[in-house]
Amino acid sequence: MNVILFGATGMVGQGVLRECLLAPSVESLVSIGRAVTGQQHPKLREIVHSDFLDFSAIEHQLSGFDACFFCLGVSSAGMTEENYHRITYGFTIAAARVLARLNPNMTFIYVSGAGTDSSEHGRSMWARVKGKTENELLRLPFRAAYMFRPGLIVPLHGVQSKTKLYRVFYTLLGPLLPMLNARFPKYVTTTEQIGRAMLKVASEGWPKPVLETSDINQV
Ligand SMILES: NC(=O)c1ccc[n+]([C@@H]2O[C@H](COP(=O)([O-])OP(=O)(O)OC[C@H]3O[C@@H](n4cnc5c(N)ncnc54)[C@H](OP(=O)(O)O)[C@@H]3O)[C@@H](O)[C@H]2O)c1
């Protein structure tokens, strides 16, 4: 499987990157970010790109993929709806439209979040925008598209969030996190479980397009 990964420097993306590099099923992995991860691996090639609303400059490098794992995303805390929409919906759909056109056999997996609002009309701004993003992705002509909606994520294997607030939160919860993951599999998953679930869903599919935390852990 040839994989393209967005957001590899982030908490979810670092976990997905690790599982992809470990997986024998992944032949090659291209990471796209505004900075490199700095990791060296024979399977990994990194593309640095600055305009996530326009991929025309690197379009020639965006074909030949079986799966896209889209882990780029931001917390809505302190953001205007306009800016949050630009990154969450704008960046994701700009990338997805190009990838769907160039890779009609692609499986696209998007990291959304627990509580995403598929109606697009609820009271929570972030949930509406994520819902609109998911709905648009599900309309694009991919071979298949899956929406991962994790709740609380335990970072494993040295993975760190880019978001300071989350880093403080994870440091404070520290030793409790593995216990929470074991006790509450409906609400808590790990970066490793997300990465491994993405690989399995990309190669074998899943009966429904939206995977909540319990589905991710079940995969
Ligand atoms: N963490 C959680 O507990 C959790 C739970 C549920 C859902 N999620 C969802 O999972 C996704 C990833 O979250 P995360 O925790 O991995 O976030 P994170 O640690 O903050 O990482 C965010 C990733 O997105 C990239 N990114 C952010 N803004 C960008 C921009 N303007 N231009 C280009 N790249 C940008 C970052 O790149 P740089 O390294 O260049 O900043 C990084 O690779 C998000 O959609 C989030 O809503 C997270």
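Above this text sits the structure in question.
Predicted model only: the values in this text are computed from it and were never measured.

I tried to follow the overall build of the protein on my own but got confused; where do I start?
A count of helices and strands for the protein gives seven helices and nine strands. Taken over C-alpha atoms, the radius of gyration comes to 16 Å for the protein, in line with the 17 Å a tight globule of 219 residues would show. Projecting the C-alpha coordinates of the protein onto the three principal axes gives extents of approximately 45 × 40 × 35 Å. Among the 219 residues that make up the protein, the fraction classed as buried is 51%. Intrachain contacts of the protein at a sequence separation of at least 6 include 67% that bridge at least 24 residues. Summing over all exposed atoms, the protein offers an accessible surface of approximately 10,600 Å²; the carbon and sulfur share of this is 54%. Considering the protein, the positive charge centre built from 22 side chains and the negative charge centre built from 17 side chains are found 6 Å apart.

Can you walk me through the site of the ligand in this structure?
Residues in contact with the ligand amount to 25 residues; listed here are only the nearest, Thr9, Met11, Val12, Arg34 and Lys130. In this structure, glycine 10 approaches the ligand through a main-chain N or O atom, which is 3.1 Å from an oxygen atom. Taken by itself the ligand offers 900 Å² of open surface, and the protein chains cover 87% of this. In terms of residue class, the shell around the ligand is made up of 13 nonpolar, nine polar and three charged.

Looking at this model, I keep getting lost on the side chain of arginine 128. Mind explaining?
Secondary-structure assignment places arginine 128 in helix α3 (residues 125–139). A polar contact of 3.4 Å, which involves the side chain of arginine 128, links it to the backbone oxygen of arginine 123. Not counting residues up to four positions away in its chain, the partners in contact with arginine 128 are Glu81, Asp117, Glu120, His121, Gly122 and Arg123.

Would you mind going over the nonpolar core with me for this structure?
Nonpolar side chains in soluble globular proteins tend to be buried together. In terms of nonpolar packing, the biggest core is built from 38 residues, with Val16, Leu29, Phe69, Phe148 and Met198 touching the most fellow members. Leaving out residues up to four positions away in the same chain, methionine 198 has contacts with Val16, Phe69, Cys71, Ile109, Val111 and Phe148. Membership of the second largest hydrophobic core comes to 34 residues, among which are Phe55, Met125, Leu137 and Leu140.

How should I be thinking about the packing of helix α1 (residues 11–22) against helix α6 (residues 191–204) in this particular structure?
When two helices pack together, their arrangement is given by the angle between the helix axes and the distance between those axes. One can describe the packing of α1 onto α6 by two numbers: an axis separation of 8 Å at closest approach and a directional angle of 55 degrees. Classified by the interaxial angle, the pair formed by α1 and α6 is oblique. Judged by the sense of rotation from one axis to the other, the crossing of α1 with α6 is right-handed. For the pair formed by α1 and α6, the contact residues are Met11, Val12, Gly15, Val16, Arg18, Glu19 and Cys20 on the first element and Thr191, Glu192, Ile194, Gly195, Arg196, Met198 and Leu199 on the second.

How do you make sense of a positive patch on the surface when you look at a structure like this?
Taken together, Arg34, Lys162, Lys164 and Arg167 make up a surface patch of like positive charges. With respect to the secondary-structure elements, lysine 164 resides in helix α4 (residues 164–173). Relative accessible area serves as the criterion here: at 61%, lysine 164 is assigned to the exposed category.

I would appreciate a short explanation of unusual backbone geometry in the present structure.
Across the chain, the bulk of peptide bonds are trans and the bulk of non-glycine residues have phi less than zero. One non-glycine residue, glutamate 120, lies in positive phi territory at about 65 degrees. In the Ramachandran plot, histidine 157 falls in the positive-phi region, its phi being about 55 degrees despite a non-glycine side chain. Take histidine 157: it is sitting in the loop between β7 (152–154) and α4.

What counts, and at which threshold
Residues numbered from 1 in each chain as written. Predicted model: local features only at pLDDT ≥ 70, side-chain atom pairs only at ≥ 80, totals over all residues. Heavy atoms only, no water. Helix = DSSP H or I, 4+ residues; strand = E, 2+ residues; numbered from the N terminus. Rg over C-alpha atoms; globule rule 2.2 N^0.38 Å. Buried < 20%, exposed > 50% of the residue type's maximum accessible area, 1.4 Å probe, protein only. Contact = heavy atoms within 4.5 Å. Areas by Shrake-Rupley, 256 points an atom, 1.4 Å probe, with all protein chains shown as cover. Lys, Arg positive; Asp, Glu negative; His and termini not counted. Charge placed at Lys NZ, Arg CZ, Asp CG, Glu CD. Near = heavy atom within 4 Å. Polar contact = N/O pair within 3.5 Å; in protein donor to acceptor, adjacent residues only side chain to side chain. Nonpolar A, V, L, I, M, F, W, Y, C, P; charged D, E, K, R; others polar. Core = buried A, V, L, I, M, F, W, Y, C linked by side-chain atoms within 4.5 Å. Axes fitted to C-alpha atoms, helices over the stretch in contact; angles between N-to-C directions. Parallel < 35°, antiparallel > 145°, perpendicular 65-115°, else oblique. Left-handed = near helix turned anticlockwise from the far one by under 90°. Patch = residues over 30% accessible without salt bridge, like charges linked within 9 Å, V, L, I, M, F, W, Y side chains within 5 Å. Salt bridge = Lys/Arg side-chain N within 4 Å of Asp/Glu carboxyl O.

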